[in-house]
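# Breakdown of the fold
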Amino acid sequence: MKLCRRLLVLAPGALLGFFLLSFPALAAEGAAADPSKSSAETIFRWLNFAIVFGGIAYLIMKKGGAFFGANAKAIAASIHEGTAAKEEADRQLQEVETRIARVDREVAELRDAARRDSVSEAERLNASGQAEIEKIQQAARAELGATERAARQELRVIAAAMAVERAGALVGSRMDKKVRAKLFQTFLAELGRSAN
């Protein structure tokens, strides 16, 4: 398993190195063949290539494994942290969406409560207004009754005063000195009887 991972980590670098080193050989293939170059020279070139490539592969295996392993661990840790951060963000998003849904419900409930309160307040004010109107009407009736009684009383006083004045004038016009003296004598006689 570790070997497979190492190969997967090292394979792209090794292939890149191989292609970079083989380009001059491939480019030379298309060129005209030089008769001075022998097959031994070609073998030595390939042998040189294999030694250099083997050395590079050895160094990559020796030193690159630790580097690429640490890099892979750092990448895996970053992926894990990113996954954890995404899960936390999703949880927070869900929480916020739940709160928003609750806020919408609460706003709807508050609106309904406000409508109900408004209707009940209007009914209460209407009933209170009717009660106040009834109290005002009763007070007005009582005030009118009191004013009517006072007016009747005043009318009686005026009528009595006028009757006394008229009677006084009538009696004064019919009464002469004789009638007055006789009336005075009758008054004194009754006063004497009531004293005894």
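Residues numbered from 1 in each chain as written. Predicted model: local features only at pLDDT ≥ 70, side-chain atom pairs only at ≥ 80, totals over all residues. Heavy atoms only, no water.

So, about the overall build of the protein chain. The number of helices and strands found in the protein chain is three helices and zero strands. Each helix (α) and strand (β) of the protein chain, taken in turn from the N terminus, gives the series α-α-α. Relative to its full complement of 196 residues, the protein chain shows a buried share of 3%. Put simply, the protein chain shows about 17,000 Å² of open surface, and 65% of that area lies on carbon and sulfur atoms. (Helix = DSSP H or I, 4+ residues; strand = E, 2+ residues; numbered from the N terminus. Buried < 20%, exposed > 50% of the residue type's maximum accessible area, 1.4 Å probe, protein only. Areas by Shrake-Rupley, 256 points an atom, 1.4 Å probe, with all protein chains shown as cover.)

Taken together, the side chains of Phe-184, Phe-187, Leu-188 and Leu-191 define a hydrophobic patch exposed on the protein surface, amounting to about 410 Å² of accessible area. Of note, Phe-184 is situated in helix α3 (residues 177–195). (Patch = residues over 30% accessible without salt bridge, like charges linked within 9 Å, V, L, I, M, F, W, Y side chains within 5 Å. Salt bridge = Lys/Arg side-chain N within 4 Å of Asp/Glu carboxyl O.)

This paragraph deals with helix α2 (residues 39–174). Each turn of an α-helix holds 3.6 residues, which means side chains three or four residues apart point in the same direction. If you look at α2, its biggest bend is around 50°, right at Gly-64. Residues of α2 that are buried: Phe-49, Gly-64, Gly-65 and Gly-145. (Bend = angle between axes of the 7 residues up to and from the residue.)

Enumeration according to the criterion identifies two aromatic pairs in this entry. Plain terms: the ring middles of Trp-46 and Phe-49 are 5.7 Å apart, the flat faces sit at 90° to each other, and that makes the pair edge-to-face. Residue Trp-46 and its partner Phe-49 are located together in helix α2, separated by three residues, close to a single helical turn. Judged by relative accessible area, which is 48%, Trp-46 ranks as partly exposed. By relative accessible area, which is 17% here, Phe-49 ends up buried. Ring geometry for Phe-49 and Phe-53: centres 5.9 Å apart, planes at 15°, overall stacked. Of this pair, Phe-49 and Phe-53 are both found in helix α2, four residues apart, which corresponds to roughly one turn of the helix. A connected cluster of aromatic rings, assembled from ring pairs, spans Trp-46, Phe-49 and Phe-53. (Phe/Tyr/Trp six-rings, centres within 6.5 Å; stacked < 30°, edge-to-face > 60°.)

Turning our attention to the pattern of salt bridges. The tally for this structure, following the rule as stated, stands at nine salt bridges. Residue Arg-91 is joined to Glu-88 by a salt bridge in which the shortest nitrogen-to-oxygen separation is 2.3 Å. With Arg-91 and Glu-88 both in helix α2, this residue pair falls three residues apart, about one helical turn. Taking the relative accessible area as the measure of exposure, Glu-88 reaches 32% and is therefore partly exposed. With a shortest N-O distance of 4.0 Å, Lys-135 and Glu-132 are connected by a salt bridge. Remark: Glu-132 and Lys-135 occur in helix α2; sequence separation between them is three residues, near one turn of the helix. Classification of Lys-135 as exposed rests on a relative accessible area of 52%.

Once that is clear, we can look at the confidence of the model for the protein chain. Taken as a whole, the protein chain shows an average pLDDT of 81; of its residues, 81% reach a score of 70 or greater. Averaged pLDDT values for the elements of the protein chain fall to 59 in helix α1 (residues 2–30) and rise to 87 in α2. (pLDDT = per-residue confidence, 0-100.)

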